[in-house]
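Below are the chains, spelled out letter by letter.
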Amino acid sequence: MSELEILATGPMTTVQDAGRFGHADLGVGRSGAADTASYALANRLVANPVGAAALEATMGGLRVRARGAVTVAVTGAPVPLRVDGRGAAVDSVVHLPDGAVLTMGVPARGLRTYLAVRGGVDVAPVLGSRSTDVLAGLGPAVPAPGDRLPVGPAPAAFPRVDHVATAPVGGPSIGLRVVLGARDDWFTDEAVATLLSREYEVTSRSDRVGARLTGPALERSRGGELPSEGMVPGALQVPPSGEPVLFLADHPVTGGYPVVAVVRSADLPRAAQAVPGTRVRFTL
């Protein structure tokens, strides 16, 4: 069986798949790849089945050695990519002979880069998923230098293309579409208008759980607190500071602060690639 030997992880590397579904009643969230579009593209490039586990690297820095020949693809935030010191291309099928070392640099834009290997990262699933949930502490352990991650059997299908053209990932500003609610009535009309007309900025206090934003505070129209209620990816929860928090892949399954709006799921991959300092505008 082939393996990926971890030589370096960069700021953070985790194993992620399509997510852990059907356990919210137990207090277990979905987790899974933060940028679902880039993750799915990496798997398609190497002809993996939907949901195969891959590596998600935050701010690059991942370095792996092939133990046995493997075929990989790197997508998401574009990084300088090298194989045994020679340049390689992202968004492409890359063949690694036994012993070859693949190295990711730091992305010029965007935040999260995905490394899919043909056959998938074959670590043991937990509650039906190989995703690491950093909030709940569920799933495979965070990889560390010296770890060897097994690669599953190659699928019957073969890659159909060597390279794909993709839209730019990341950038200095993004627009995110929202649906108001569930608790927009807890905010003044002026606060809702502010959310939809002013600019916010992603802060350094952001991770897979959520992106903390700084910008105009949203004023409530009533006092008190809500009983805890269910949360979804994309929820814009507003704590007492008035500055919203955008929940991402490892968000809590319940929360007591009111949710003024929810980002459409199709826009969440772009939100997941927003580095600190990215300017954000919300539109209906």
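Residues numbered from 1 in each chain as written. Predicted model: local features only at pLDDT ≥ 70, side-chain atom pairs only at ≥ 80, totals over all residues. Heavy atoms only, no water.

### Re the overall build of the protein chain
Next up, step 1: A count of helical and extended segments in the protein chain gives three helices and 20 strands.
Next up, step 2: Its C-alpha atoms give the protein chain a radius of gyration of 20 Å, within 12% of the compact-globule value 19 Å for 284 residues.
Next up, step 3: Each of the 284 residues in the protein chain was classed as buried or not, and the buried ones make up 51%.
Next up, step 4: Considering only residue pairs separated by 6 or more positions, the protein chain has 77% of its internal contacts joining residues 24 or more positions apart.
Next up, step 5: Charge separation in the protein chain, taken as the distance between the mean sites of 26 positive and 26 negative side-chain charges, equals 5 Å. (Helix = DSSP H or I, 4+ residues; strand = E, 2+ residues; numbered from the N terminus. Rg over C-alpha atoms; globule rule 2.2 N^0.38 Å. Buried < 20%, exposed > 50% of the residue type's maximum accessible area, 1.4 Å probe, protein only. Contact = heavy atoms within 4.5 Å. Lys, Arg positive; Asp, Glu negative; His and termini not counted. Charge placed at Lys NZ, Arg CZ, Asp CG, Glu CD.)

### With respect to the pattern of salt bridges
Next up, step 1: All told, the structure shown has 14 salt bridges when counted by the stated rule.
Next up, step 2: Among the salt bridges present, the one from Asp267 reaches Arg177, with a minimum N-O distance of 2.9 Å. Taken as a pair, Asp267 in the loop between β19 (259-263) and α3 (268-272) and Arg177 in strand β12 (residues 173-180) lie far apart in primary sequence, 90 residues in all.
Next up, step 3: Taking the relative accessible area as the measure of exposure, Asp267 reaches 2% and is therefore buried.
Next up, step 4: Measuring nitrogen to oxygen at the nearest pair gives 3.7 Å for the salt bridge that ties Arg279 to Glu199. Taken together, the residues Arg279 in strand β20 (residues 279-283) and Glu199 in strand β13 (residues 199-202) connect sequence positions 80 residues apart.
Next up, step 5: Given a relative accessible area of 34%, Arg279 falls into the partly exposed group.
Next up, step 6: A relative accessible area of 34% places Glu199 in the partly exposed class. (Salt bridge = Lys/Arg side-chain N within 4 Å of Asp/Glu carboxyl O.)

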